[in-house]
Amino acid sequence: MMTKYSFLLLSTLLLASMTSCKTTQKSVDTPKPEAEATTTVRQAPAISREEFDGTWIVKSAEHHEVVGDEPVELTFDLTNGRLYGSDGCNVINGTFTLGDENELQFGSLISTSKVCRPEVTDRAVLNALNHTRSYKRADNHDLSIKLCNRRGRTVMTLVKRMTYLLNGPWKVTAINGTPVPDEQPVLVIDIPEAKLSGFAGCNRLFGHIALDDTPYGITFTQVAATRKMCPEMDTEQNFLSALDQVTGFYPVDDTHIILYQTPETPLITLEKGL
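Nothing here was measured: the structure is a model prediction, and the numbers come from that model.

Quick notes on the rules
- Residues numbered from 1 in each chain as written.
- Predicted model: local features only at pLDDT ≥ 70, side-chain atom pairs only at ≥ 80, totals over all residues.
- Heavy atoms only, no water.
- Salt bridge = Lys/Arg side-chain N within 4 Å of Asp/Glu carboxyl O.
- Buried < 20%, exposed > 50% of the residue type's maximum accessible area, 1.4 Å probe, protein only.
- Helix = DSSP H or I, 4+ residues; strand = E, 2+ residues; numbered from the N terminus.
- Pairing = 2+ DSSP bridges.
- Disulfide = S-S within 2.5 Å.
- Core = buried A, V, L, I, M, F, W, Y, C linked by side-chain atoms within 4.5 Å.
- Contact = heavy atoms within 4.5 Å.
- Expected span 1.5 Å × (residues − 1).
- Arc of directions from axis to C-beta.
- Phe/Tyr/Trp six-rings, centres within 6.5 Å; stacked < 30°, edge-to-face > 60°.

1. Digging into the pattern of salt bridges
Next, step 1: The final tally for this structure, using the stated rule, is four salt bridges.
Next, step 2: Between Arg117 and Glu119 there is a salt bridge, with the nearest N and O atoms lying 3.0 Å from each other.
Next, step 3: Residue classification places Arg117 among the partly exposed positions, given a relative accessible area of 38%.
Next, step 4: A cluster of three or more residues bridged by salt bridges with shared partners is formed by Asp69, Arg117 and Glu119.

2. Examining the pairing of strand E1 (residues 54-61)
Each regular strand carries side chains that alternate between the two faces of the sheet.
Next, step 1: By the criterion of burial, E1 is predominantly enclosed, with six of the eight residues buried.
Next, step 2: In terms of strand pairing, E1 meets strand E3 (residues 73-77) through four bridges, oriented antiparallel. Residue pairing in the sheet places Ile57 in a bridge with Glu73 of E3.
Next, step 3: As paired elements, E1 and strand E9 (residues 154-160) share five bridges and run antiparallel to each other. Within the sheet, the bridge partner assigned to Trp56 lies in E9 and is Lys160.
Next, step 4: For E1 and strand E2 (residues 64-65), the ladder comprises two bridges, and the chain directions are antiparallel. Directly across from Ala61, in E2, lies its bridge partner His64.
Next, step 5: Linking E1 back to E2 in an antiparallel pair, the connection comprises two residues, with Glu62 at a positive phi of about 50°.

3. Some points on the state of the cysteines
Next, step 1: Enumeration according to the criterion identifies two disulfides in this entry.
Next, step 2: Each sulfur in the disulfide pair Cys89 and Cys116 lies 2.1 Å from the other. With the S-S dihedral at roughly -100°, the linkage between Cys89 and Cys116 falls on the left-handed side. With Cys89 in the loop between strand E4 (82-86) and strand E5 (91-98) and Cys116 in the loop between strand E6 (104-111) and helix H3 (122-131), the pair connects residues that are 27 residues apart, well separated along the chain. A single burial state applies to Cys89 and to Cys116, both of which are buried.

4. Points about unusual backbone geometry
Residues apart from glycine generally show negative phi values, whereas peptide bonds are mostly found in trans.
Next, step 1: Phi is positive for Glu62, which is not a glycine, with a value near 50°.
Next, step 2: Following the sequence through the fold, Glu62 ends up in the loop between E1 and E2.
Next, step 3: With phi around 50°, Ser108 is a residue other than glycine that occupies positive phi space.
Next, step 4: Structurally, the position occupied by Ser108 is in strand E6.

5. Points about the nonpolar core
Next, step 1: The biggest cluster of nonpolar side chains holds 27 residues, and the ones touching the most others in it are Leu129, Leu147, Met156 and Leu158.
Next, step 2: Among the secondary structure elements, those contributing two or more residues to this core are E1, E3, E5, E6, H3, strand E8 (144-148) and E9.
Next, step 3: Per-element tally for this core: the top contributor is H3, with five residues.
Next, step 4: Apart from residues no more than four positions distant in its own chain, Met156 is found in contact with Val58, Ser60, Ala61, Leu74, Val125, Ala128, Leu129, Ile145, Lys146 and Leu147.
Next, step 5: Counting residues in each nonpolar core, the second largest holds 25 residues, with Ile218, Phe239, Val246 and Leu267 among its members.

6. Structural notes on helix H4 (residues 234-245)
Next, step 1: For H4, spanning 12 residues, the distance from its first C-alpha to its last is 17 Å, which sits close to the expected 16 Å at 1.5 Å a residue.
Next, step 2: Within the sequence span of H4, burial applies to Thr235, Glu236, Phe239, Ala242 and Leu243. In an axial view of H4, the angular spread of the buried residues amounts to 130°, which keeps them on one side of the axis. Counted as exposed and oriented over 90 degrees from the buried face of H4: Asp234 and Asp244.
Next, step 3: Where H4 is buried, its residues contact strand E10 (168-175), strand E12 (186-190), strand E13 (195-199), strand E14 (204-210), strand E15 (219-225) and strand E18 (265-272).

7. Concerning the packing of aromatic side chains
Next, step 1: This structure, assessed with the given rule, holds seven aromatic pairs.
Next, step 2: Consider the rings of Phe52 and Tyr135, whose centres lie 4.8 Å apart with planes at 85°: the pair is edge-to-face. One end of the pair, Phe52, is in helix H2 (residues 49-52); the other, Tyr135, is in strand E7 (residues 134-137), with 83 residues separating them in the sequence.
Next, step 3: Residue classification places Tyr135 among the buried residues on the basis of a relative accessible area of 7%.
Next, step 4: Three or more aromatic residues joined by ring pairs form one cluster here, namely Phe52, Trp56, Phe76, Phe96, Phe106 and Tyr135.

What follows is the structure, encoded as C-alpha cells:
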C-alpha cells in the first residue's frame, strides 16, 4: 500500500524529471555524503531581447526537420512586436509578446493560402507557433533557440541568420589572399533588398543575393558589370571571378569580413565603410 510519504516522494521525482524552457528555476539543496563528487551543469546563456531582432532560420517544427520550396524563416521586428516570414510555402504575418521568465507567445497569426506540396512542413510550422509559450537558448555556440509549449516541450528550433552583418558598403582589401592596388573595388551589400552593387576596379557592378538555410551562407547571382575598358583589368577580372565562387562568410572582427568558397578557402577580404 502506498503511504502518504511515498506518494509525496514519487510526485517530487516526477516533477524534477520534467524539462522546461524557463531558465529561472528554483532548486532545493539536499545533504550529500562528503565523498560524493559534485557535478556542475553548465547552462547555455540566455537570449537577450535585443538578440531576438532579426531573421531566424527554422530548423525543425513539431519534432520534424522542416522542408520548404523556399527557406523556412521568421523575422522578429522587436520595435513593433511584429512577426513575418515564410513557412516554406506561404507568407506568415502576426504579432509576438516577450514576457518575464522567458515567456514568448504569438498572436494574430495569418498566412497566405497557396497550395503546398505534401512534403512541405508548412502546417507543422504554424502549429508550433500557435503552441509556443516560452523559449530557451539551444546551446553555447550558435545563436539558436528552442521554442516550447506550455508543458516545456520543444516544438521548434531556430538559428539566427547572421547575414545582417554584411549589410552596407565595404572596401575590398584582398582577393585570393593578395592585397589589391590603391584603386580598391567597392562592394555594397543590401540584405533586405537582396541586391548587390559597387565598383569592380574599372566598371560598375550589380547583381542579386541568394541565401541558404545556414546562418553564414550567401551567394551572389546574376552579377554583371558595365563594359568600360581600362589599362589594368586584372584586379576587376579576379574580383568578379571570386564573387562567382562565394558560398559564405565569417567575421574577423567588428570591421573585417572574409567571403569564402569554403572556410578553408578565403576569396575576398572586406573592410567596413568607404
